Amino acid sequence: MESAAIAPNPLPNYINGEWCASHATEFLNVVNPATAEVLTKVPLSPQSDVNAAATAAATAYHSWRRTPPTERVQYLFKLKFLLEEHLDELARTITLECGKTLAESRGEMQRAIENVEVACGIPMLMQGYNLEDIARGIDEIMIRQPVGVVAIIAPFNFPGMIPFWFLPYAIACGNTCIVKPSERVPLTMQKVFELLENTGLPKGVINLVNGAKEAVDAILEHPTIRAISFVGSSPVAQYVYSRAATFGKRVQCQGGAKNPIIVLPDADMEMTTRITADSAFGCAGQRCLAASLAVTVGEARHTFTEAIANSAQTRMVGYGLDEKVQMGPVITSQSRDRIEGLIQQGANEGATVLVDGRNPKISGYEQGNFIRPTILQNVNPNSELARTEVFGPVLGLMHLDTIEDAIALVNSGQWGNMACLFTNSGAAARKFRYEAEAGNIGINIGVAAPMAFFPFSGWKDSFYGDLHGQGRHAVEFFTQTKVVVERWPKDWSRQF
Ligand code: NAD
């Protein structure tokens, strides 16, 4: 059993530089999805906890925004080294509460660290611009200033990485911050905040409030909180976007997805199959960039289908802490039941279950939320399975005759997070890149995840807002522009 050594029970919040008990009256069990072991309890913090965090952040803001950017990033340099030093412990915590494999958890923390590295460039990234003599003797300057108190609301599937799409940029730009992790995976941020505390950041600059809807609603309504970064499912993203706007806040909301990949007959089939399987089944399909539909064009159908089925059948499923395991469980038993229901519905609506991963027996982990990789063939494009985000290790196969048909299918859906093409043709790749309606495009890539110095884009119902997480977009989101027009009509000849 793993729980005792790793966390206080119940988990505290971190407000104004102190670990403190929540005023919650309700608590949820945090459960290891592979073993069903209860790891700890998380408080569902009420409005009063959010109020305390907002007050602390507002108080800290006054001097934090006056701290030179060159000094602010020194805390991030320290954080980078602390994250690297504790990477294995953080990865283990992610695997314990989220279920993914240790290799996936390590990769996740690596992506988090890359965002810290990029934010260390704030003294350059945050600069404005100017022009002398916009009229005779008049100059104009654009300055970027922080927004104030900002909040980050995160989903369960990347407990270590996703807050880092925002947090390092927010504080490097001079904002103070409240993080609300997913109530299903709060342990990783608990560990991250222990490291943040060790950087010596002034009290109140970063605050951690555990909880769920009540805490989110309190964030949305709090007058001091000026900007909100949200990542999660599209219905909640839509709610947060509209509610935050009602209260006059700046808001960016990254939502759900249904990601198609297109396989042309000239693609390298060995590479395509390997990459597609990693995309569809990696992190047990619980990635917003997971391939969920594979559309073969022309002759690609036969070779691809056989190879991907083989890859699904041979993937080793089990407890993520076992280094040999290639795929862990899904997050909850409710998730598993929902995914199995969608597989059945897909079959009822015309698809053939080519590889059936339902009800697996994973020896020693009978209580875990496991589903093996599943493949459905001839998915009906109008079925629920073709349109709905599954968020599990399920790949639907479709066949179309031309690349034009495939692009039309990509563009017909409500989602726009990612679309990928596998081909050896530059002309086909160019056409796809130009026409596909999605924010992240992969050409011979299965998980088109932008590096920290590019925006994590998303279109249509996969994103509400205009500025995305990471890189320059994050810097713009966490700063407001001020334009100064100035004239100094002094007659210097008389003074000297
Ligand atoms: P979720 O929407 O259930 O939860 C996200 C956050 O919102 C959590 O912090 C949760 O406490 C809060 N929340 C949940 N219900 C709420 C409500 N009714 N009112 C207010 N707050 C609420 O999402 P999840 O299940 O944790 O995460 C999976 C989803 O996130 C998937 O849809 C996935 O595609 C999406 N996701 C998107 C991206 C992206 O970049 N587009 C990245 C990762 C995950």
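How each quantity is defined
- Residues numbered from 1 in each chain as written.
- Predicted model: local features only at pLDDT ≥ 70, side-chain atom pairs only at ≥ 80, totals over all residues.
- Helix = DSSP H or I, 4+ residues; strand = E, 2+ residues; numbered from the N terminus.
- Rg over C-alpha atoms; globule rule 2.2 N^0.38 Å.
- Buried ≥ 20, exposed ≤ 12 C-beta atoms within 10 Å, placed from the backbone.
- Near = placed C-beta within 6 Å.
- Nonpolar A, V, L, I, M, F, W, Y, C, P; charged D, E, K, R; others polar.
- UniProt positions renumbered as here; feature names shortened; annotations may be inferred.
- Domains from an automatic or database assignment.
- Contact = placed C-beta atoms within 7 Å.

## Quick word on the overall build of the protein chain
- Along the backbone of the protein chain there are 18 helices and 22 strands.
- For the protein chain, whose C-alpha radius of gyration is 24 Å, the value lies close to the compact-globule estimate of 23 Å for 496 residues.
- Summarising its shape, the C-alpha atoms of the protein chain cover approximately 90 × 55 × 40 Å along the three principal directions.
- Relative to its 496 residues, the protein chain shows a buried fraction of 54%.

## So, the site of the ligand
- Not every one of the 28 residues close to the ligand is listed here, only the nearest: Pro155, Gly232, Ser233, Gly256 and Cys288.
- If you list the elements that add at least two residues to the shell around the ligand, you get helix H9 (213-221) and helix H10 (234-246).
- Along the lines of polarity and charge, the residues of the shell around the ligand split into 14 nonpolar, 10 polar and 4 charged.

## Some thoughts on the UniProt feature "domain: Aldehyde dehydrogenase" (unreviewed entry) in the protein chain
- Here the UniProt feature "domain: Aldehyde dehydrogenase" (unreviewed entry) sits at residues 19-484.
- Here residues 19-484 is 39% helix and 22% strand, with 42 Å between the C-alpha atoms at its ends.

## Some remarks on the domain arrangement of the protein chain
- On domain assignment, one finds that the protein chain holds domain 1 (13-255 + 462-483) and domain 2 (259-443).
- Just the C-alpha atoms count here: the centres of domain 1 and domain 2 sit 31 Å apart.
- Contact with domain 1, which involves 16 residues of that partner, is made by 25 residues of domain 2.
- Elements supplying a minimum of two residues to the side of domain 1 that touches domain 2: helix H4 (87-98) and helix H5 (102-119).
- Split by residue class, the side of domain 1 that touches domain 2 holds 7 nonpolar, 6 polar and 3 charged.

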